[in-house]
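Take a look at the letters that make up each chain.
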Amino acid sequence: MPLRAKVASSVSRTAGALSRAAGRGDGSVIGGWIGLKIDPDLLAHLSAGRAIALVSGTNGKTTTTRLTTAAVGVLGRVATNSFGANMPTGHTSALARAGSTPYAVLEVDEHYLAQVLEATEPHVVALLNLSRDQLDRAKEVAMMAQLWRAALVRHPDIRVVANADDPMVVWAATPPADPARGIHPPHVTWFSAGQRWLDDSWVCPECGSTIQRSGEQWWCSGCPLRRPEPQWTVEDDGVTDPTGAWHKVTLQLPGKVNVGNAATALAVAAEFGVRPVDAVSRLGSVASVAGRYAQVQRDGRNIRLLLAKNPASWLEAFDMADEAPTLLSINARDPDGLDTSWLFDVDFAPLRGRQVLITGDRAYDLAVRLDVNDVPFQHVRSFDDAVRAVPPGRLEVIANYTAFQDIRAELDRVN
Amino acid sequence: MSTESLRIVWVYPDLLSTYGDRGNALILARRAQRRGMPVEVLEIRSDQRLPAAADIYLIGGGEDGPQALGAQRLLADGGLHRAVAQGSVVFGVCAGYQLLGTSFFAKGTKYAGLELLDLASDRGPTRAVGELAGEIDQRLGLPALSGFENHGGRTRLGPEVAPLARVTTGIGNDGVTEGAWRGKLLGTYSHGPALARNPALADLLLRWATGVHQLPPLDDTWSDRLRNERRAAVAAAARA
């Protein structure tokens, strides 16, 4: 590593430690920010010599990164950005903090995938899904798929692990080959993890025709784009690998969506030569991910935290939550997106029959939504009021990003 | 109003439903049902014929490609023009508002609109993203418009339409006026579930559709609180 990179890396680690000691945060961004100021190529220098997997998509990337890290851990030490700091500053901090490791598994914000591909030259990239998320500042879904596709064209040597159930991902992962000019299609391993949210992929990104669906199959009515045959699939509470062997998956994380994330993790680890039979038991060691799914006892209540940031992830959260009193908290600060329109893309009907409480900066937006949805609710001013308003036992908390962080802070930054 | 029930058509949700557009159909249906009106909501996809005999047509927002495709299919179908000729109500939001005009831009190309409203849309110098508020045309007798906008267009109104509102916060058509209306056709840049924050506007569409001049009041506690909270937030942002 050049001297400048060594200095930058050391300063980055120190700043991260100071930030944590001062109680200012996880220290997962500030260190990388300072390091990149000193050496703009620091991320590339820190990546050199490591076998790297990148994990990107709208939803599930933090959890899938954690599960993949556990699976690749079979082979040796793995550096990872486990706090959800998923932009280049976060990657830089994570690699600097980890020191020298043979492997790294990095969660990447979908907007930064092209940039991080350039800097880290990964062995494999996992593409999970693309759906609407914070449209007041995020790229529209089709544009995002186009950016991914363009990035993969420039790196045909990178192996791709991609979701066969999402037409946008399939299209992004299969750029046209041009053997005459030496451009070959990337090597793609397909997984099927199911997809509950379909409303961002009714129009073919290739030709604009309607996407047809029947059961798990989908195909374009106007061009050859269709669901590829997946090599990794979820069956019951387990994962079937490309040889047809079925592996029971026992997770501490709730919901079918996490069995899908486990399938993805095993598929990515297999790209490094990890056998699923060796890795599958390690997945059960993951209990919570940066506070997501964490359970906390307070005043006789067992509080479980679920993060839901966009319509697709709200559908998954309702599937994971128990039939128990449920607190919903909504903010619309910068990291959340300033627009709450998406609330009307979510059908809250699964909550009927449960005691529902609402809070957060934008509780009134949620109130209007629930009223139209015929879901009775009670508005509370604070998290403490919510805890007092429910009987002893399970309290499910479903919140979007900064609302989740606020509640996590109330619970002493539970991980 | 058609004889048996109030028929609401949500036009092309496969193309024009970028962010919460379903909300407008849900809100209209609920407000009608709570007053004892039977309601039917039809979601008509772009590969289906558009029925011409419904009472209210809702056209939502969309990305450039789907907007252009939606306009082409509506022109080819002709159902919306027949419905308008028969006196149906049309509510267009964002991309769905632009395509009611004579022309709009998508992906750098000029497309023909439906020519149902005398207006034309262009690309603006910047994207308009944020809170949108304005004083609504007094003839409509509605409280202030409250919404959120997210669009790259600028819209010039012709003499055949009136602006829906005079902008107090945000951009709307051009920073001065916002939206447009003529007869029973109304369009706005207040995107997505615009009626969630503007229940009085929802009731205006219901009055137009039913011919009932006085609808029984509903409990609008939560939307009133939401409107007050948004008005306070906009005022606080203006002071900062």
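Everything below is about the structure printed above this text.
Residues numbered from 1 in each chain as written. Chains lettered and ligands numbered in written order. Predicted model: local features only at pLDDT ≥ 70, side-chain atom pairs only at ≥ 80, totals over all residues.

With that settled, the discussion passes to the overall build of chain A. The number of helices and strands found in chain A is 14 helices and 17 strands. Its C-alpha atoms give chain A a radius of gyration of 21 Å, near enough to 22 Å, the size a compact globule of 415 residues would have. Counting only C-alpha atoms, chain A reaches 65 × 55 × 40 Å along its principal axes. Counting across all 415 residues of chain A, residues that qualify as buried make up 53%. (Helix = DSSP H or I, 4+ residues; strand = E, 2+ residues; numbered from the N terminus. Rg over C-alpha atoms; globule rule 2.2 N^0.38 Å. Buried ≥ 20, exposed ≤ 12 C-beta atoms within 10 Å, placed from the backbone.)

Moving on to the sheet that holds strand 9 (residues 232–235) of chain A. All names here are of chain A. Spatial strand order, 2-3-1-4-5-6-9-10-11: nine strands in an open sheet with mixed pairing. Since the sheet does not close on itself, it has two edges, and those belong to strand 2 (78–80) and strand 11 (246–248), each with one partner. Ignoring which end each strand starts from, the neighbouring axes of this sheet average 20° apart. As paired elements, strand 1 (residues 51–56) and strand 3 (residues 103–108) share six bridges and run parallel to each other. Bridge pairing links Ala 53 to Val 105 in strand 3. Contacts from helix 5 (residues 88–98) reach strand 2 and strand 3 within the one sheet, and its direction differs from that of strand 2 by about 145°. Across the sheet, helix 9 (residues 256–270) touches strand 1, strand 4 (124–127), strand 5 (159–163), strand 6 (188–192), strand 9 and strand 10 (238–240), and the angle it forms with strand 9 is around 150°. (Pairing = 2+ DSSP bridges. Axes fitted to C-alpha atoms, helices over the stretch in contact; angles between N-to-C directions. Contact = placed C-beta atoms within 7 Å.)

This next bit is on the interface of chain B and chain A. Across the contact, 29 residues belong to chain B and 23 residues belong to chain A. Those elements giving two or more residues to the side of chain B that touches chain A turn out to be helix 1 (22–33), helix 2 (64–77), strand 7 (119–136), strand 8 (145–157) and helix 6 (221–239) of chain B. The class makeup of the residues in the side of chain B that touches chain A is 12 nonpolar, 10 polar and seven charged. (Nonpolar A, V, L, I, M, F, W, Y, C, P; charged D, E, K, R; others polar.)

Below, the discussion takes up unusual backbone geometry. All names here are of chain A. Even without being a glycine, Tyr 293 presents a positive backbone phi close to 70°. Relative to the elements of secondary structure, Tyr 293 occurs in the loop between helix 10 (276–283) and strand 12 (295–298). Despite not being glycine, Asp 374 shows a phi value in the positive range, around 55°. With 10 C-beta atoms packed within 10 Å, Asp 374 lands in the exposed category.

In this section: the environment of Ile 59 of chain B. Residues and elements named next belong to chain B. Secondary-structure assignment places Ile 59 in strand 3 (residues 56–59). In this structure, the C-alpha to C-alpha distance between Ile 59 and Gly 172, residues 113 residues apart in sequence, is 17 Å. The residues contacting Ile 59, other than those within four sequence positions of it, are Val 11, Leu 16, Gly 92, Val 93 and Gly 96.

All names here are of chain A. Across the sheet, six strands lie side by side as 12-13-17-14-15-16; this open sheet has mixed pairing. Looking along the sheet, the strands with just one partner apiece sit at the ends: strand 12 and strand 16 (378–379). Taken together, the four bridges between strand 14 (residues 326–329) and strand 17 (residues 393–399) define a ladder with parallel strand orientation. When the sheet's bridge partners are listed, Leu 327 is paired in strand 17 with Val 397.

Successive side chains on a regular strand alternate, one facing one side of the sheet and the next facing the other. Residue and element names in this part refer to chain A. A large share of strand 13 (residues 301–307) lies buried, amounting to five of its seven residues. With four bridges connecting them, strand 12 and strand 13 associate as antiparallel partners. Bridge pairing in strand 13 places Val 296 opposite Ile 303.

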